[in-house]
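Tertiary structure, described
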Amino acid sequence: MSMSAIVPRHGGNLGEAILRYRRAREDWLDLSTGINPNGYPVPMPPASAWRDLPDAFDGLRDVAARYYDVPVGSVVPCAGSQAVIRALPALLRPGRVAVASLTYSEYAPAFVQAGHTLVPWPGPEADVPDVDYLVWVNPDNPTTRCVSRETLSRWQGVLARRDGMLIVDEAFADVSPHESMTPQVGEDGLVVLRSVGKFFGLAGIRAGFALCPQGLAERLDARLGSWTVSGPARFAVRAALCDTAWQSAARERLLREGERLLALLRSHGWPALGTPLFAWTPHARAAQWHEALAAQGVWTRLFDARPVTLTGLTTTLPSLRLGLPSNEAEWQRLQAALATLPPLPASAAIAPSRTGVDVE
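What counts and how
- Residues numbered from 1 in each chain as written.
- Predicted model: local features only at pLDDT ≥ 70, side-chain atom pairs only at ≥ 80, totals over all residues.
- Heavy atoms only, no water.
- Helix = DSSP H or I, 4+ residues; strand = E, 2+ residues; numbered from the N terminus.
- Rg over C-alpha atoms; globule rule 2.2 N^0.38 Å.
- Buried < 20%, exposed > 50% of the residue type's maximum accessible area, 1.4 Å probe, protein only.
- Contact = heavy atoms within 4.5 Å.
- Areas by Shrake-Rupley, 256 points an atom, 1.4 Å probe, with all protein chains shown as cover.
- Pairing = 2+ DSSP bridges.
- Axes fitted to C-alpha atoms, helices over the stretch in contact; angles between N-to-C directions.
- Polar contact = N/O pair within 3.5 Å; in protein donor to acceptor, adjacent residues only side chain to side chain.

A tally of regular secondary structure across the protein gives eleven helices and 15 strands. A compact globule built from 360 residues would reach a C-alpha radius of gyration of about 21 Å, and the protein, at 20 Å, matches this within 12%. With the principal axes as the frame, the protein shows a C-alpha extent of 55 × 50 × 35 Å. For the protein, the residues scored as buried account for 54% of the 360 residues in total. Pairs at least 24 residues apart make up 72% of the contacts formed inside the protein by residues separated by at least 6 positions. When the accessible surface of the protein is summed, it comes to about 15200 Å², and 53% of that surface belongs to carbon and sulfur atoms.

Strand order in the open sheet formed by seven strands is β2-β9-β8-β7-β5-β3-β4, with mixed pairing between adjacent strands. The two strands at the open ends of the sheet, each matched to only one other strand, are β2 (75-78) and β4 (117-121). Averaged over all adjacent pairs, the angle separating strand axes in this sheet is 20°, with direction ignored. In this sheet, strand β5 (residues 133-137) lies alongside strand β3 (residues 96-100) in parallel orientation, the contact comprising three bridges. By the bridge assignment, V99 is partnered in β5 with V135. Running at roughly 145° to strand β7 (residues 165-169), helix α6 (residues 149-161) makes contact with β4, β5, β7 and β8 (190-195) of the sheet.

Let us now look at the pairing of β7. Counting buried residues in β7 gives five out of five residues, a clear majority hidden from the surface. Residue alternation in β7 divides its side chains into two sets, M165, I167 and D169 and L166 and V168, and both sets are buried. Where β5 and β7 come together, five bridges link them in parallel fashion. Bridge pairing links Y133 to M165 in β7. Note that β7 and β8 share four bridges and pair parallel. Note on β8: the bridge partner recorded for L166 is L190.

Moving on: the environment of R251. Structurally, the position occupied by R251 is in helix α9 (residues 244-267). Through-space distance from the C-alpha of R251 to that of F172 is 12 Å; in sequence the pair is 79 residues apart. Sequence-distant contacts of R251, defined by excluding residues within four places in its chain, comprise Y67, D174, V175, P177 and F199. At a separation of 2.7 Å, a polar atom in the side chain of R251 contacts the main-chain carbonyl oxygen of D174.

Quick look at the structure:
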């Protein structure tokens, strides 16, 4: 597959909206990402965090090992999981890799660039294809699909017997970690990526972790090189991962707000699915909704039409993702913007009453 066919696109691109619609930055409600809009309140780092080279013996790996409950030798701090996505494929022997047709857009080009062969895969409702590597984002971005740990473990076993690997991106797993694969970290055939950008709302510091067998962890660490995570970022992550009171309160709030966003969209007839951090709706009118909301200063993430299998049915539709407003005024602004769009009949819904789609 040509690289031009899989160029990554992301939310958080408010600068493009500012130029296109000639609206000042402060006049936008940016809902184009799935980042916690009320993130962890990082205390001021000490002066040494800015002055000194990052210290690999500052306890960050130990703190992460406790938070994720994994062996410390399996933890690789990185400048966001994005750094691992680009580095990991080059450490694996060239092979066939399955990536869902609609998911986080960085995986496909990273594997292709490293010499792997991309295998089209509709997603988890299909079984493990004849590949060496399989990438799954759990819960998925943007489709919200969540695969059970039992199913992921089965996939891991299939791939490990082929001397292959399951790569599970758990960037959105911190809110509801019950399906996390972290209890199996260290086993053959499994890499888990975790981020502090989404749940903790610290995307700007570019920090995360790869959790993998110790031998691969050592190779990946060497590949990433020295000082991959800055001193201030290391300070912020240590503080966030240790603050269990904040984590508990944030989980409760995000679960409520995720349900609120889903209920709001569905009240306007949108066939929405959701996670605690964002909602997603596939529909033929998605591009029209995106434009209409942008005209009112509400920026969302539009996805091109891709084949996706949901609850046994395969659809090929454009889709829209919306993140959470940060305060009541923003909630009211979103509600007012939605009210200007022609409503859809309730029969348009494709989702059950709960958030997300679980795939066994």
